[in-house]
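Chain and residue survey
So you can see what is in the structure, the chains are spelled out below.
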Amino acid sequence: MGVKVTDRAADAAFMGQALALAARARGRTAPNPMVGAVLVRDGAVVGAGFHTRAGQPHAEVEALADARGGAAGATLYVNLEPCCHHGRTPPCTEAVIAAGVRRVVVGMVDPDPRMQGRGIAQLRAAGIEVVVGVLEAEALALNAGFVRARTAGRPQVVLKAAISLDGRISDAGGRSQWITGAAARAAGRALRDQCDAVMVGSQTVLDDDPALTTRIEGGRDALPVILDGRLRTPPTAQVLRAGRPPLIFTAPDADPAQEQALAPARLRRVPRGPGGLDLHAVLGALVDEGVHTVLVEGGGAVHHSLLSAGLVDELRLFLAPRVLAGGRHWVEGAPFSLAEGPRFRLVELRQHGDDLELRYQPAAPGPT
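Note that the coordinates shown come from a computational prediction; the quantities given were computed from them, not determined experimentally.

Here is what the cut-offs are and how they apply
Residues numbered from 1 in each chain as written. Predicted model: local features only at pLDDT ≥ 70, side-chain atom pairs only at ≥ 80, totals over all residues. Heavy atoms only, no water. Helix = DSSP H or I, 4+ residues; strand = E, 2+ residues; numbered from the N terminus. Rg over C-alpha atoms; globule rule 2.2 N^0.38 Å. Buried < 20%, exposed > 50% of the residue type's maximum accessible area, 1.4 Å probe, protein only. Contact = heavy atoms within 4.5 Å. Areas by Shrake-Rupley, 256 points an atom, 1.4 Å probe, with all protein chains shown as cover. Lys, Arg positive; Asp, Glu negative; His and termini not counted. Charge placed at Lys NZ, Arg CZ, Asp CG, Glu CD. Pairing = 2+ DSSP bridges. Axes fitted to C-alpha atoms, helices over the stretch in contact; angles between N-to-C directions. Salt bridge = Lys/Arg side-chain N within 4 Å of Asp/Glu carboxyl O. Polar contact = N/O pair within 3.5 Å; in protein donor to acceptor, adjacent residues only side chain to side chain. Core = buried A, V, L, I, M, F, W, Y, C linked by side-chain atoms within 4.5 Å.

Turning to the overall build of the protein, a few remarks are in order. A count of helices and strands for the protein gives 11 helices and 16 strands. Computed over the C-alpha atoms, the radius of gyration of the protein is 23 Å, within 12% of the 21 Å expected from 2.2 N^0.38 for a compact globule of 368 residues. Taken along the three principal axes of its C-alpha coordinates, the protein extends 65 × 45 × 40 Å. Sorting the 368 residues of the protein into buried and exposed places 48% on the buried side. Partitioning the intrachain contacts of the protein with sequence separation of at least 6 by distance along the chain shows that 69% fall at a separation of at least 24. If you sum the accessible surface of the protein, you get close to 16900 Å²; carbon and sulfur atoms cover 52% of it. For the protein, the separation between the mean place of its 40 positive charges and that of its 38 negative charges on side chains is 1 Å.

Time to look at the sheet that holds strand 6 (residues 156-163). Read across the open sheet, the nine strands follow the order 10-9-8-7-13-6-14-16-15; overall the sheet is mixed. Of all the strands in the sheet, just strand 10 (266-269) and strand 15 (344-352) have a single pairing partner and so form its edges. Here the strands of the sheet are splayed against their neighbours by 25 degrees on average, with no regard to which way each runs. In this structure, strand 8 (residues 223-227) lies alongside strand 9 (residues 247-250), joined through three bridges in parallel fashion. Looking across to strand 9, one finds that Leu-227 is bridged to Phe-249. The sheet strands contacting helix 7 (residues 182-194) are strand 6, strand 7 (197-201), strand 13 (293-296), strand 14 (314-319), strand 15 and strand 16 (355-362), and the helix crosses strand 14 at an angle near 160 degrees. Here helix 11 (residues 300-308) sits on the sheet and contacts strand 6, strand 7, strand 8, strand 13 and strand 15; the angle it forms with strand 6, its principal contact strand, is near 140 degrees.

So, on to the side chain of Asp-355. Along the chain, the position of Asp-355 falls in strand 16. With no salt bridge to any partner, buried Asp-355 finds its closest opposite charge in Arg-322, at an N-O distance of 6.6 Å. Within polar-contact distance, the side chain of Asp-355 engages the backbone nitrogen of Gly-181 at 2.7 Å. Residues in contact with Asp-355, not counting those within four places in the same chain, are Thr-180, Gly-181, Ala-184, Leu-319, Ala-320, Pro-321 and Arg-350.

When a protein is soluble and globular, its nonpolar side chains tend to lie buried together. By size, the foremost hydrophobic cluster in this structure holds 39 residues, and its most contacted members are Leu-39, Leu-76, Val-96, Val-101, Val-104 and Val-130. Broken down by secondary-structure element, the contributors of at least two residues to this core are helix 1 (5-23), strand 1 (36-41), helix 2 (59-67), strand 3 (75-80), strand 4 (103-108), helix 4 (118-125), helix 5 (136-142) and helix 6 (144-152). Per-element accounting of this core gives the leading share, six residues, to helix 1. Setting aside anything within four residues of it in sequence, one finds Val-130 in contact with Val-104, Val-106, Ile-120, Leu-123 and Arg-124.

A word on helix 6. Every buried residue belonging to helix 6 is among Gly-145, Phe-146, Val-147 and Ala-149, and all of these are buried. Buried residues along helix 6 sit in contact with strand 3, strand 4, helix 5, strand 6, helix 10 (279-288) and strand 13. Count one or two residues on from helix 6 and you reach Gly-153, which has phi positive near 70 degrees.

Within the secondary structure layout, Arg-103 lies in strand 4. Put simply, Arg-103 and Val-40 are 63 residues apart on the chain and 9.7 Å apart in space, counted from C-alpha to C-alpha. Every residue in contact with Arg-103, bar those within four places of it in the chain, is listed here: Asp-11, Ala-74, Thr-75, Leu-76, Tyr-77, Ile-128, Glu-129 and Val-131. There is a polar contact of 3.4 Å between the side chain of Arg-103 and the side chain of Glu-129.

As a further point, take unusual backbone geometry. Between Gln-177 and the following residue, Trp-178, the backbone shows a cis peptide bond with an omega angle of 0 degrees. Mapped onto the secondary structure, Trp-178 falls in the loop between strand 6 and helix 7. A cis amide bond links Ala-263 to the next residue, Pro-264, at an omega of 15 degrees. Within the secondary structure layout, Pro-264 lies in the loop between helix 9 (257-261) and strand 10. Phi angles above zero are rare outside glycine, and Arg-68 is one such case at about 50 degrees. Inspection of the secondary structure puts Arg-68 in the loop between helix 2 and strand 3. The backbone of Leu-231 shows a phi angle near 50 degrees, a positive value even though the residue is not glycine. Mapped onto the fold, Leu-231 is located in the loop between strand 8 and strand 9. Given a relative accessible area of 5%, Leu-231 falls into the buried group.

A separate point is the sheet that holds strand 1. The strand order 2-1-3-4-5 describes an open sheet built from five strands, whose pairing is mixed. Sheet topology places strand 2 (44-50) and strand 5 (129-132) at the edges, where each strand pairs with a single neighbour. Strand-to-strand twist across the sheet, computed as the mean angle between neighbouring axes with direction ignored, equals 15 degrees. In the sheet, strand 1 pairs with strand 3 via four bridges, with the strands oriented antiparallel. Bridging across to strand 3, Val-38 finds its partner in Tyr-77. Here helix 2 sits on the sheet and contacts strand 1, strand 2 and strand 3; the angle it forms with strand 2, its principal contact strand, is near 135 degrees.

Read these as spatial facts, not as claims about activity.
Written out as C-alpha cells, the structure is:
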C-alpha cells in the first residue's frame, strides 16, 4: 500500500517545523549546514532541536535530549540526512538507532562526499523505515550555500545594491548616504547577519569607507572581505577596526610592504583574472575559510565581473523612488548585448516604506 494522503500531509507539516527550527541558526552554522529535527509520537511532538553552530550538538542529538528518553517508537523529521561519520561530534545515525526511533523522514540527501546516502543506508540496515524527499525543494533552498560549497566548491553569491530608479548607487558628487530609507537599510543589514561573509571591492572602500558591520540587536558581524589587487585599502579605513578583522584578497605582485600597514587584516594572494582578481580562486578560498554564503555589496565593477562570470546566484536590489541622472551605476563595465546579458527572474518582492526589495534568481536559458 502507498502512503496515505493524510500521512503525506502530516509528514510535510512536521518537516516544515524542522525547517523553521533549522532557519533559526541562519548565518551561524558554516561550515556545517542548517539542520532542524522534530520527534513525533502518536501525532504529538515529543522532542525538537536544531544545530546552533559548528562544534555544538547536531539537531538530531538536541531533539533526542529534548525527548528525555521518549523517542522509542517515534518518527524523526530532519531536513538533512543524519550524519554517519565522526567529525567534531559522533555520528547522529548511531544516536538515532540507539534511541529506538521507528521511522525517519528526511528532507534531502546530504551532498557531502562522506555521506551521499550512507546515513540513510545505515538507518535502513538497522530496520528503521526511512522516507526521503519530503519538502526537498525547501530543504535545498535553505541550505543552498552548503550545497553549492559541497558540489561546486564555491559559496552561494548574493549580490545586493541600493539603487535609484535609474540604477545609480550614488549621486554625481559621489554621495550614497542615503539612497534608500531606514526600513530598507535595516533589511539590508539583516542580510549581513544571515550571510557568512560580506564582500566589496577596494573602490567601494575608497569611495564609501564602509564599516561592513551588522549593527542590529542580537546580530553578529559577517566576515568582511575586500577585493584589492593593488592593495589600495587605506590604513585608516573603518573596516580595519570596526568589527571582525577583514580578509583582503590581493594579487601575487602586490606590494608586500603595504601588508604591514593593513594589520589586523589577513591577506590572501590569488592569481589575476579577466579585469581583476581570479574570482573563482577567491570564491574557492572563501569555502576554505568556512564561508557558505557571501553577500556582495559593490561596487559596480565587482558586480559586472561576477555577472560576466556567471557567478551570481541571487540579486537583492533595494529600489528607491528617486532619480539621480548621474553618479555611479550598480553595474559598470563593458556593455552586454540583449542576447548575451545575464537574465534573471523575480522570485520575491517586499516593500519597506516607499522602497522596494526585489529578489531575483538566474533565469533558465531560453529564448527572450
